[in-house]
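In case you want the letters, here they are:
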Amino acid sequence: MIVGRIQLILPTGQQPSAAGAIESAMSLAQITKANVTASVPRSHATLLAHWLVREYAHLPVAEFNAEAAAEAQSLRQQLEDAGQSAGVSVRLVEILNGLADGERAVVMAARTHDFSVLGLPDFDASSRHLAEQLLFDSGRPLLALPLSRPFHLRLDTIAIAWDHSEPASRVLSAALPLIKQAKRVVVFSVLGARKFPRAEAAQDAAEYLQSHGVDATWEMLESEDRARGRFIMEAAIERGAGLLVMGAYATLPAQEYLLGGVTVSVLNEPLLPVLMSN
């Protein structure tokens, strides 16, 4: 078991509901004996000084701020109730989105947590942008949750997508305390996704885990499909995994966007909980 801190990020105005993310964070905290820091960003609009703007925009802006404040309060109540029910220590931190460095504060806070948890609706540009900031600037792993479909975070079976890259190596090391909780671990590499020095690339990672007492198996998969991110997630699901562990942005981000890379595909449309690191 590990004893540490998890940062749960719950942006207001995000659809669908964040209940699944809250439940997953509490479940994970129970398993790892960790505390949870819940960052609840809140939007707050201000009026320009011009009299015409103040005259006609006052009521809509006031209504927007009231709705945002009510939503933030509802999230705080959900978190407090979930923490008490799970027996998990929860520290609430509200970050005002109206400030230019609101997202930056969340990223900086991630640096002193074992990893961050963020729910991702399908094809939500704002959430994906925040996920990328966390991956590139926090120096910590990110657990991305698929909010657009039913899911349940499980650690009994864990799949590891291994491409022998530096990000894959970093996330494998960071995920080791979670991997040790699993009853079954399968490591797989996808031929065609990257040129490996030899065909047994996945075997190397599996043997590393075995040296840590993990009963890990390995596979080499073949896919000519360019949508490799979806292929990897579906391969994990087919093997009964409740969590996928993988590196993020092993290639340049610009190449990912142009060529339809694995990381972009996963962040745009996660099919299961994915623990990632750059």
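Everything numeric here is computed off the predicted structure, so don't read it as measured data.

Asker: Could you clarify how one ought to interpret the overall build of the protein in this entry?
Answerer: Each helix and strand counted, the protein has ten helices and ten strands in total. Out of the 278 residues in the protein, the part that is buried amounts to 46%. Taking all contacts inside the protein whose residues are at least 6 apart in sequence as the whole, residues at least 24 apart take part in 78%. Carbon and sulfur atoms make up 52% of the accessible area of the protein, which totals about 13,200 Å².

Asker: How do you make sense of the side chain of Thr32 when you look at a structure like this?
Answerer: Structurally, Thr32 is set in helix H1 (residues 19-32). Here Leu28 takes part through its backbone oxygen, which lies 2.9 Å from a polar atom of the side chain of Thr32.

Asker: I tried to follow the environment of Glu207 on my own but got confused; where do I start?
Answerer: With respect to the secondary-structure elements, Glu207 resides in helix H7 (residues 201-211). Along the primary structure Glu207 and Val187 are separated by 20 residues, whereas in three dimensions their C-alpha atoms are 9.9 Å apart.

Asker: I tried to follow helix H5 (residues 166-174) on my own but got confused; where do I start?
Answerer: Every α-helical turn comprises 3.6 residues, leaving residues that sit three or four positions apart pointing alike. Every buried residue of H5 is accounted for by Pro167, Ala168, Val171 and Leu172. One side of H5 holds all its buried residues, which, seen down the axis, span an arc of 135°. Those residues of H5 that are buried are in contact with strand E6 (157-161), helix H6 (176-179), H7, strand E9 (243-247) and strand E10 (274-277). The residue sitting at the N-terminus of H5 and contributing the capping side-chain oxygen is Ser165; that oxygen lies 3.3 Å from the backbone nitrogen of Ala168.

Asker: So what exactly am I meant to see when it comes to the side chain of Ser138 here?
Answerer: Mapped onto the fold, Ser138 is located in the loop between helix H4 (125-137) and strand E5 (142-146). For Ser138, a relative accessible area of 6% corresponds to the buried category. Only 2.5 Å separates the side chain of Ser138 from the backbone oxygen of Leu134, close enough to count as a polar contact. Engagement of the side chain of Ser138 in a polar contact is seen with the backbone nitrogen of Arg140, the distance being 3.1 Å. Ser138 has contacts with Val107, Ala110, Arg111 and Gln133, leaving out every residue within four places of it along the chain.

Asker: Looking at this model, I keep getting lost on the environment of Leu191. Mind explaining?
Answerer: If you trace the backbone, Leu191 turns up in strand E7 (residues 184-191). Leu191 sits 28 residues away from Asp163 along the chain, and the two C-alpha atoms are 9.2 Å apart.

Asker: Can you help me understand the nonpolar core in this one?
Answerer: Across soluble globular proteins, nonpolar side chains have a tendency to be buried as a group. In terms of nonpolar packing, the biggest core is built from 50 residues, with Leu8, Ile160, Ile179 and Leu209 touching the most fellow members. At six residues, the largest contribution of residues to this core is made by H1. In terms of nonpolar packing, the next biggest core, distinct from the first, is built from 36 residues, Val106, Leu244, Ala248 and Val264 among them.

Reading the values: the criteria
Residues numbered from 1 in each chain as written. Predicted model: local features only at pLDDT ≥ 70, side-chain atom pairs only at ≥ 80, totals over all residues. Heavy atoms only, no water. Helix = DSSP H or I, 4+ residues; strand = E, 2+ residues; numbered from the N terminus. Buried < 20%, exposed > 50% of the residue type's maximum accessible area, 1.4 Å probe, protein only. Contact = heavy atoms within 4.5 Å. Areas by Shrake-Rupley, 256 points an atom, 1.4 Å probe, with all protein chains shown as cover. Polar contact = N/O pair within 3.5 Å; in protein donor to acceptor, adjacent residues only side chain to side chain. Arc of directions from axis to C-beta. Core = buried A, V, L, I, M, F, W, Y, C linked by side-chain atoms within 4.5 Å.

Taken by themselves, the reported measurements are silent on function.
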